[in-house]
Amino acid sequence: MITGAATLAFDGSHIDGPLFTAVTDLARDTRWLNGFVAWWTNAQLGVFAVLMVMGWWRARRRDGAAMALALAVPVSVGVAFACAEVVKKIVAEQRPCRSMPHAFIVETCPVPSDYAFPSGHTTAAAASVAALFLLDRRLSAIAALFAVLEAFTRVYVGAHYPHDVVGSALLALPVAYASSLLIGRLAAPTITRLRVRRPNPFLADTRYAPPAPRGAADSTPNSRSQGQSHGQGRHARR
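Note that the structure is a prediction, hence the values are computed from the model and not measured. (Residues numbered from 1 in each chain as written. Predicted model: local features only at pLDDT ≥ 70, side-chain atom pairs only at ≥ 80, totals over all residues. Heavy atoms only, no water.)

Peer 1: What exactly am I supposed to notice about the overall build of the chain here?
Peer 2: Counting its secondary structure elements, the chain contains eleven helices and zero strands. Buried positions account for 42% of the 238 residues belonging to the chain. Within the chain, residue pairs in contact and separated by at least 24 positions form 81% of the contacts whose partners lie at least 6 positions apart. A total of about 12800 Å² of accessible surface is found on the chain, and carbon and sulfur atoms cover 66% of it. (Helix = DSSP H or I, 4+ residues; strand = E, 2+ residues; numbered from the N terminus. Buried < 20%, exposed > 50% of the residue type's maximum accessible area, 1.4 Å probe, protein only. Contact = heavy atoms within 4.5 Å. Areas by Shrake-Rupley, 256 points an atom, 1.4 Å probe, with all protein chains shown as cover.)

Peer 1: Looking at this structure, how should I read the state of the cysteines?
Peer 2: A covalent bond between the sulfur atoms of two cysteines is what we call a disulfide. Scanning all chains against the criterion turns up one disulfide. Put simply, Cys97 and Cys109 are joined by a disulfide, and their sulfur atoms are 2.0 Å apart. With the S-S bond torsion at 60°, the cross-link from Cys97 to Cys109 turns out right-handed. One end of the pair, Cys97, is in helix α6 (residues 96-99); the other, Cys109, is in the loop between α6 and α7 (120-135), and twelve residues separate them in sequence. (Disulfide = S-S within 2.5 Å.)

Peer 1: Honestly, the packing of α7 against helix α8 (residues 137-156) in this entry has me stumped. Any pointers?
Peer 2: For any two helices packed against each other, the geometry is given by the interaxial angle and the distance between the axes. Two elements in contact, α7 and α8, have axes separated by 8 Å at closest approach and are oriented at 170°. By the angle between their axes, α7 is roughly antiparallel relative to α8. Contact residues: His121, Thr122, Ala125, Ala126, Val129, Leu132, Phe133 and Leu135 in α7; Arg137, Leu139, Ser140, Ala143, Ala144, Ala147, Glu150, Ala151 and Arg154 in α8. Of the residues contributing to the contact of α7 with α8, the split by class is eleven nonpolar, three polar and three charged. (Axes fitted to C-alpha atoms, helices over the stretch in contact; angles between N-to-C directions. Parallel < 35°, antiparallel > 145°, perpendicular 65-115°, else oblique. Nonpolar A, V, L, I, M, F, W, Y, C, P; charged D, E, K, R; others polar.)

Peer 1: Is there a simple way to think about the side chain of His160 in this case?
Peer 2: By secondary structure assignment, the location of His160 is in the loop between α8 and α9 (162-197). A distance of 3.2 Å separates polar atoms of two side chains, one belonging to His160 and the other to Arg95. From its side chain, His160 meets the backbone oxygen of Ala116 in a polar contact 2.7 Å long. With residues up to four places along the chain from it excluded, the contact list for His160 reads Phe20, Arg95, Pro96, Ala116, Pro118, Ser119, Arg154, Val155 and Val165. (Polar contact = N/O pair within 3.5 Å; in protein donor to acceptor, adjacent residues only side chain to side chain.)

Peer 1: What should I look at first to understand a nonpolar patch on the surface in this one?
Peer 2: Taken together, Leu26, Leu149 and Phe152 make up a surface patch of nonpolar side chains, about 240 Å² in accessible area. By secondary structure assignment, the location of Leu26 is in helix α2 (residues 13-29). (Patch = residues over 30% accessible without salt bridge, like charges linked within 9 Å, V, L, I, M, F, W, Y side chains within 5 Å. Salt bridge = Lys/Arg side-chain N within 4 Å of Asp/Glu carboxyl O.)

Peer 1: What should I look at first to understand the nonpolar core in this one?
Peer 2: One recurring pattern in soluble globular proteins is that nonpolar side chains are buried together. In this structure, Leu51, Ala59, Val73, Ala127, Leu132, Leu135 and Ala143 are the most contacted members of the largest nonpolar core, which totals 31 residues. The greatest single-element share of this core, amounting to ten residues, is contributed by α7. Setting aside its immediate chain neighbours within four residues, Val73 contacts Met52, Ala131, Leu132 and Leu135. In this structure, Val37, Met100, Ala103 and Val155 belong to the second largest nonpolar core, which totals 14 residues. (Core = buried A, V, L, I, M, F, W, Y, C linked by side-chain atoms within 4.5 Å.)

Peer 1: Looking at this model, I keep getting lost on helix α3 (residues 31-43). Mind explaining?
Peer 2: Note: α-helices contain 3.6 residues per turn, so residues at a spacing of three or four share the same orientation. The end-to-end C-alpha distance of α3 is 19 Å, a good match for the 18 Å that 13 residues give at a rise of 1.5 Å each. Of all the bends in α3, the greatest, near 25°, is centred on Val37. Regarding α3, the residues found buried are Asn34, Val37, Trp40 and Thr41. Looking at the packing, one finds that the buried side of α3 touches α2, α4 (45-59), α7 and α8. (Expected span 1.5 Å × (residues − 1). Bend = angle between axes of the 7 residues up to and from the residue.)

Peer 1: Just to check I follow, could you spell out the pattern of salt bridges for this structure?
Peer 2: Charged atoms that come close allow side chains of opposite charge to pair. For the structure on display, the rule yields five salt bridges. Note that Glu85 and Lys88 form a salt bridge whose closest N and O atoms lie 3.7 Å from each other. Linking Glu85 with Lys88, this pair stays in helix α5 (residues 64-91), spanning three residues, or about one helical turn. Put simply, Glu107 and Arg154 hold a salt bridge, and the shortest N to O gap is 3.2 Å. Here Glu107 is found in the loop between α6 and α7, whereas its partner Arg154 is found in helix α8, with 47 residues between them in sequence. Owing to a relative accessible area of 23%, Glu107 belongs among the partly exposed residues under this scheme. Overall, Arg154 belongs to the buried group, its relative accessible area being 2%.

Peer 1: Honestly, the packing of aromatic side chains in this entry has me stumped. Any pointers?
Peer 2: Each aromatic ring pair is characterised by the separation of its centres together with the angle its planes make. Here the structure, examined in full by the defined rule, presents six aromatic pairs. Centroid distance Phe36 to Trp40: 6.2 Å. Interplanar angle 10°. Geometry classified as stacked. Of the two residues, Phe36 and Trp40 both sit in helix α3, four residues apart, roughly one turn of that helix. Through a chain of ring-to-ring contacts, the aromatic side chains of Phe36, Trp39 and Trp40 assemble into a single cluster. Here Arg60 stacks its cationic end above the ring of Trp56, 5.7 Å away from the centre of that ring. (Phe/Tyr/Trp six-rings, centres within 6.5 Å; stacked < 30°, edge-to-face > 60°. Lys NZ or Arg CZ within 6 Å of the ring centre and 35° of its normal.)

Take a look at the structure:
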């Protein structure tokens, strides 16, 4: 029985309910796989975290702009996820387990206030694809494959309708791309300066870090003091 706020929630089953049940019927026919998929649909988020770390590790050998984009990836994913949470509260779509209780549902039904549209898991996955695209196309391609799998498993376990995961991607891709591009551009000058003036293993691999600009070296206190002493020496010889 649906009570309280859930009674007023939007019922999205009429949008693609038949497609949803087609996938959950597959889950019913592959019960031997249910346990693994229920675990993997959550554990798979760790794959995107690993890809982010790989992108950061590779960026250490590149320039400051690449490192800025690497650091922007998790932030952009967070921004996209926050936007999805706002949309989720506005749309207030009931979970399939409440609007279609007759369907085969693998995942435990959440509380009524935990709405379905858009999918938080798929949002994080799609946002990772978009943010990594600016940094490393290969890592982004790998992320895209896992993002499709993530979207499918969210429907397979009965947590979301197909339109929930599609809507998540349509929201996350532009938001994460735009935010990552903006953060990368704003942070690149600062990251570049830090890599040159204060080299550290977090921002740069010292074996590949660019040398300090000649002008920056001349402007250091030691350089200025040496220049003054040489000048005084020349005046004294005169």
